[in-house]
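One letter stands for each residue in the lines below.
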Amino acid sequence: MNIVNAIKSNCGKYLAKGTGAVALYLVARDAHTYGKIQADINMKSKDAKAAQYFLNNTLTVDKPSMSKINLQNWVYKFELSNQLRGFINSAIGYFKGLGTMLTSDIIPLGLGLGALLSKNKLAKGSAIGLLAYGTYSFIKDGLGIGKAHDLTNTVGQDVVL
């Protein structure tokens, strides 16, 4: 019976810690997903710019020299198969996306950390703040109340596509 009484007396604390853990999981999942998207975008755009640069370099020579032409073509082919640039640009894009989402979700991140890592009253207060933020997010993002709709005209009527 001591275990049941201990759980009952600390129920609010466990709920607050659980709420904080769920909030941190959701923030981390969104940040990781956006980081992967940005990694792919950054890698492909930088690789495309490099390919364009080295292709343009092969199109002209300052004097007709087969050695220079062969060198330019070799450098172009080498750069097309270069995997290091893509790896580095992918990592840069991932961390940019991760940082963007973490700063975008700073309120639930801070409240989640407060609920998970702090003591009794602050943890419960952070959990209540998370519930309030979650309710606001559900009303705004889930139900669309108070959200700007791009497919409406100035009168508020839906645009027929």
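Below you will find a few notes about this structure. Along each chain, numbering runs from 1 in the same order as the chain's sequence is written. Per-residue local features of the predicted model are confined to residues with pLDDT of at least 70, and side-chain atom pairs are confined, for both listing and counting, to 80 or more; whole-chain, interface and lining totals are unaffected and use all residues. By convention in this description, side-chain values take in all heavy atoms of the structure and omit both hydrogens and water.

A few words now on the environment of Thr-33. Numbered from the N terminus, helices here are DSSP runs of H or I no shorter than four residues, and strands are runs of E no shorter than two. Mapping Thr-33 onto the fold places it in helix H2 (residues 11-59). Think of it in three bands: residues with accessible area under 20% of the maximum for their type are buried, residues over 50% are exposed, and the middle band is partly exposed, with areas taken using a 1.4 Å probe on protein chains only. Classification of Thr-33 by relative accessible area gives partly exposed; the value is 36%. Spatially, the C-alpha atoms of Thr-33 and Ala-51 are 27 Å apart, while their sequence positions differ by 18 residues.

A few words now on the packing of aromatic side chains. Between 30 and 60 degrees the pair is tilted, below 30 it is stacked and above 60 it is edge-to-face, where a pair is any two Phe, Tyr or Trp rings, Trp via its six-membered ring, whose centres lie within 6.5 Å. Summed over all chains, the structure comprises four aromatic pairs. Consider the rings of Tyr-53 and Phe-54, whose centres lie 5.0 Å apart with planes at 85 degrees: the pair is edge-to-face. The exposure class of Tyr-53 is exposed, given its relative accessible area of 55%. Summarising the aromatic geometry, the rings of Tyr-133 and Tyr-136 are spaced 6.3 Å apart at their centres and angled 50 degrees between planes, so their arrangement reads as tilted. Of the two residues, Tyr-133 and Tyr-136 both sit in helix H6 (residues 120-142), three residues apart, roughly one turn of that helix.

Turning our attention to the nonpolar core. Within the largest apolar cluster, six residues are counted, these being Ala-16, Ala-23, Ala-115, Ala-123, Ala-127 and Leu-130. If you tally residues by element for this core, the top one is H6, at three residues. Apart from the residues within four sequence positions on either side, Ala-127 is in contact with Ala-16, Thr-19 and Ala-115. Nonpolar core, defined: a set of buried Ala, Val, Leu, Ile, Met, Phe, Trp, Tyr and Cys residues in which side-chain atoms within 4.5 Å join the residues together. Residues are treated as being in contact if the distance between any of their heavy atoms lies within 4.5 Å.

We count a salt bridge whenever a side-chain nitrogen from Lys or Arg sits within 4 Å of a carboxyl oxygen from Asp or Glu. Taken as a whole and judged by the stated rule, the model has three salt bridges. Salt-bridge contacts for Glu-79 lead to Arg-85; the nearest nitrogen and oxygen are separated by 2.6 Å. Judged by its relative accessible area of 16%, Glu-79 falls in the buried class.

This next bit is on helix H5 (residues 106-117). A helix is expected to span 1.5 Å for every residue after the first. With 12 residues, H5 should reach 16 Å at 1.5 Å per residue; the first-to-last C-alpha distance of 16 Å fits that figure. Along H5, the residues classified as buried are Pro-108, Leu-109, Gly-112, Gly-114 and Ala-115. In this fold, the buried residues of H5 make contact with H2, helix H4 (84-104) and H6.

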